[in-house]
Amino acid sequence: MTYVFHASSFFRSSYTMNSCSFSPALRYGHTSCESLSANPNGVAASPIAAERFRVRLPRSVGSRVFMGAKIRKGKKGRETEYPWPEKVDGNLKDGYLSYLSSFKPLSIKPKPFILPFERPIVDIEKKIAEVVKDLYAQLTPIQRLSVARHPNRPTFLDHVINITDKWVELHGDRAGYDDPAIVTGIGSIDGITFMFIGHQKGRNTKENIHRNFAMPTPHGYRKALRMMKHADHHGFPIISFIDTPGAYAERQSEEKGQGEAIAHNLRSMFGLKVPVVTVVIGEGGSGGALAIGCCNKMLMLENSVYYVASPEACAAILYKSAKAAPKAAEKLKITAQELRKFKISDEVIPEPLGGAHTDPFEASKLIKNAVMKHMHELLKMSPDEVKRDRIAKFRAVGLWQDGELDTYRKRNMKKRDAPIPEPLSIVAPSLQTFESSLNYKPENMKGDDVDFKLPSLSPKSENIKRDDPKVDKIDTVNASSNHNSF
C-alpha cells in the first residue's frame, strides 16, 4: 500500500518523524522511519513498522517536493480484541457486529448486592417463597390437576426449543392429513439425534382452537406412528411428551378409525428396537396419552397427572355429579407421587417453586437432565434387550395377591335370599326322567295332601287301543304336567 503526500502540506502539519535517517544521493534521497505519530490534538495513529521512505528531489530548486511512503500491513490483533472469524455464519440473527466487541457475558454471575432500603422487600420475598413452598408441598390431587392445566404452563414445543441444539419439525401422515394436535420432528441433544413426538397445546384461545386443545384425531396418531417407524429404521431414540385430555371423541374421528389408530400404535410401539422415553408434562388422559406412551421409562413432572378417565367424568359416572371431582381425583390416584408408588412412573421430575410456568427454562433444564440420564442407560442395551425391557415394564403393572376373604367381611355380607336355581338342561329328557318328574312330591307337603303319584307308564301301554278311555285320561294328565313343568 503506497501513500503519496504533498511535501508542503506534510511538513506544515504537526506530524513528526522519529529516528529518521537520510542517505545521500545526487538527485534522490532515501530515508528510514521507525514510527509515525500525530500530535495530541489529532487522531492517534497506529505504529508503523520500519519501512523505506523515498523522497524524490526535483531537478530544479523551485519545484515542489513529493514524498512516497509504503506502509507494511500489520499483523492481526489479539482474538480477544477483534474476534472476527474467517468465515461468518450466514444464519446469525444478531448480526456480524457482535464480533467487533470484546465485551462478553460473565461466566460467573455476580453476587447479589442488597441496598439498605431494599432489605424490607427482600424479607417479604423470603416470606412469600416460604408460603408458596408450604402451599405446593401440600397440594391435593385436584389442585395438582389445576396446576397441570394452567394456561401458562410450558408446552411441548417450548421444552423442545429449550433443550435441543437443532430442531426440524416433520409433518404429515402420508395420507393427506397433518394433525396439528401432535407435533413430530428430529432434534439433537449433546450430539445425539432423537425423534421427538408430543401433544401440543395452545398458548391462547386462537392457538388452542388450531391445535384442537391437544386432542388428536386418527391422523395425528398415524403421523406419530410413521415417525416411530422412521426412527426405528434409522436408529434414532424416541422421546415423547404427553399433554392431552384424551383423544378427540367425535363422530368423524370414530368413522375414520380412532380406536384402530390407537390400537395400532400400542401394538407397534412394543416392537420398536430403539429406546423410548416418555415425559408427562401436563395431563395424560386415557388411550390418547397411551398411544404414544408405551415406553421403556416414564418420567412425570411433579405437578403432572395421568389417568384413565378425568375426575370430572369419573364423578359424573360414579357419584352422578361433577361436583364430586375432588373425591374422584383422590380415589383415582392420578398424581405423579402415587403413580411412582405403583411403579407406573419411573421418576418424578421436580419443578421450580410455584410450578413449571414460573420458570420454563429451569423446568426444561430439569427435564433434559432426567431424560439424558435414562437415555444413556438405555443406549447401552441391545435392540432385543430394549424390547424385553419395555415388555417387562408393562407386565409388572397391576400386581395381585391370592388370599382368603376377611372374616369380618364374611360376617357382614348380606345373606342370600333364595338358593340359586340350577341351569336348565337343553338335553331331551328320557322316559325315566319324565316319570320321576310326574311322581315329584315337595318335601314340606303333609301326608293328608293330595297325592300326585300317577300310574307308571310302561311299554305294555303301547298295546292299548286308542279308543280305550284309560288312554285318553293318561294323555290328558301328561299334557297338563308337561305344561306345569315348563
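As the structure is a computational prediction, the values presented were derived from the model and not from experiment. (Residues numbered from 1 in each chain as written. Predicted model: local features only at pLDDT ≥ 70, side-chain atom pairs only at ≥ 80, totals over all residues. Heavy atoms only, no water.)

Peer 1: Summarise a positive patch on the surface; cite the residues concerned and give the values.
Peer 2: Side chains of Lys-327, Lys-331, Lys-333 and Lys-341 sit close together on the surface and give a patch of like positive charge. Topologically, Lys-341 is positioned in helix 12 (residues 336-341). By relative accessible area, Lys-341 is classed as exposed at 62%. (Patch = residues over 30% accessible without salt bridge, like charges linked within 9 Å, V, L, I, M, F, W, Y side chains within 5 Å. Areas by Shrake-Rupley, 256 points an atom, 1.4 Å probe, with all protein chains shown as cover. Salt bridge = Lys/Arg side-chain N within 4 Å of Asp/Glu carboxyl O. Lys, Arg positive; Asp, Glu negative; His and termini not counted. Charge placed at Lys NZ, Arg CZ, Asp CG, Glu CD. Helix = DSSP H or I, 4+ residues; strand = E, 2+ residues; numbered from the N terminus. Buried < 20%, exposed > 50% of the residue type's maximum accessible area, 1.4 Å probe, protein only.)

Peer 1: Residue-level account of the pairing of strand 9 (residues 182-189), with values.
Peer 2: Of all 8 residues in strand 9, 7 are buried; the element is thus mostly enclosed. When strand 8 (residues 166-170) meets strand 9, the two strands line up antiparallel, connected through 5 bridges. By the bridge assignment for strand 9, Trp-167 is matched with Gly-187. Sheet topology places strand 9 next to strand 10 (residues 192-199); 8 bridges connect them, and they run antiparallel. Bridging from a neighbouring strand, Ile-186 pairs with Met-195 of strand 10. Here strand 9 folds back onto strand 10, and the loop between the two strands holds 2 residues, one of which, Asp-190, carries a positive phi near 55°. (Pairing = 2+ DSSP bridges.)

Peer 1: I'd like a description of the packing of helix 10 (residues 311-318) against helix 11 (residues 325-332), backed by residues and values.
Peer 2: Between helix 10 and helix 11, whose axes approach to 8 Å, the crossing angle comes to 105°. Looking at the two axes, helix 10 sits roughly perpendicular to helix 11. Contacts between helix 10 and helix 11 involve Pro-311, Glu-312, Cys-314 and Ala-315 from the first element and Ala-325, Ala-328, Ala-329 and Leu-332 from the second. Looking at side-chain class alone, the contact of helix 10 with helix 11 contains 7 nonpolar, no polar and 1 charged residues. (Axes fitted to C-alpha atoms, helices over the stretch in contact; angles between N-to-C directions. Parallel < 35°, antiparallel > 145°, perpendicular 65-115°, else oblique. Contact = heavy atoms within 4.5 Å. Nonpolar A, V, L, I, M, F, W, Y, C, P; charged D, E, K, R; others polar.)

Peer 1: Break down the confidence of the model for the protein for me, with residues and values.
Peer 2: Taken residue by residue, the protein gives an average pLDDT of 77. The fraction at 70 or more is 60%. Here residues 456-466 scores under 50 on pLDDT; set against residues more than four positions off or in separate chains, the count is 9 contacts. (pLDDT = per-residue confidence, 0-100.)

Peer 1: Explain helix 8 (residues 258-269) to me, and be specific about the residues and the numbers.
Peer 2: The periodicity of an α-helix, 3.6 residues per turn, causes residues three or four positions apart to be oriented the same way. For helix 8, built from 12 residues, the straight-helix expectation of 16 Å at 1.5 Å per residue is met to within 8% by its first-to-last C-alpha distance of 17 Å. Those residues of helix 8 that sit buried are Gln-258, Ala-261, Ile-262, Asn-265, Ser-268 and Met-269. Summarising the axial view, the buried residues of helix 8 lie within an arc of 135°, below the 170-degree limit, and thus occupy one face. Those residues of helix 8 hidden inside the fold are in contact with helix 6 (218-234), helix 7 (251-255), strand 12 (276-285), helix 9 (286-290) and helix 14 (383-395). (Expected span 1.5 Å × (residues − 1). Arc of directions from axis to C-beta.)

Peer 1: A description of the pattern of salt bridges should follow, citing residues and the corresponding values.
Peer 2: One pass over the structure, following the stated rule, counts 12 salt bridges. Across the pair Glu-255 and Arg-251 runs a salt bridge, and its minimum N-O distance is 3.1 Å. Of this pair, Glu-255 and Arg-251 both sit in helix 7, 4 residues apart, which is roughly one turn of the helix. Both residues of the pair, Glu-255 and Arg-251, belong to the exposed class. Residue Lys-393 is joined to Asp-346 by a salt bridge in which the shortest nitrogen-to-oxygen separation is 3.0 Å. You can see Lys-393 sitting in helix 14 and its partner Asp-346 sitting in the loop between helix 12 and strand 15 (347-349), a full 47 residues away along the chain. One salt-bridge network, in which partners are shared between bridges, spans Arg-149, Lys-201, Asp-243, Glu-283 and Glu-312.

Peer 1: Residue-level account of the packing of aromatic side chains, with values.
Peer 2: Using the criterion set out here, one finds 5 aromatic pairs in the structure. Ring centres of Phe-156 and Trp-167 lie 6.5 Å apart, and the angle between their planes is 85°; this geometry places the pair in the edge-to-face category. In this pair, Phe-156 sits in helix 4 (residues 156-163) while Trp-167 sits in strand 8, placing the two residues 11 residues apart along the sequence. You can call Phe-156 buried: its relative accessible area is 0%. In this structure Trp-167 comes out as partly exposed when scored by relative accessible area, which is 22%. Between Phe-270 and Phe-394 the ring centres are 5.3 Å apart and the planes differ by 80°, which places this aromatic pair in the edge-to-face class. One end of the pair, Phe-270, is in the loop between helix 8 and strand 12; the other, Phe-394, is in helix 14, with 124 residues separating them in the sequence. The partly exposed category is assigned to Phe-394, whose relative accessible area is 26%. Counting every residue linked through ring pairs, the aromatic cluster contains Phe-156, Trp-167, Phe-194, Phe-196 and Phe-241. (Phe/Tyr/Trp six-rings, centres within 6.5 Å; stacked < 30°, edge-to-face > 60°.)

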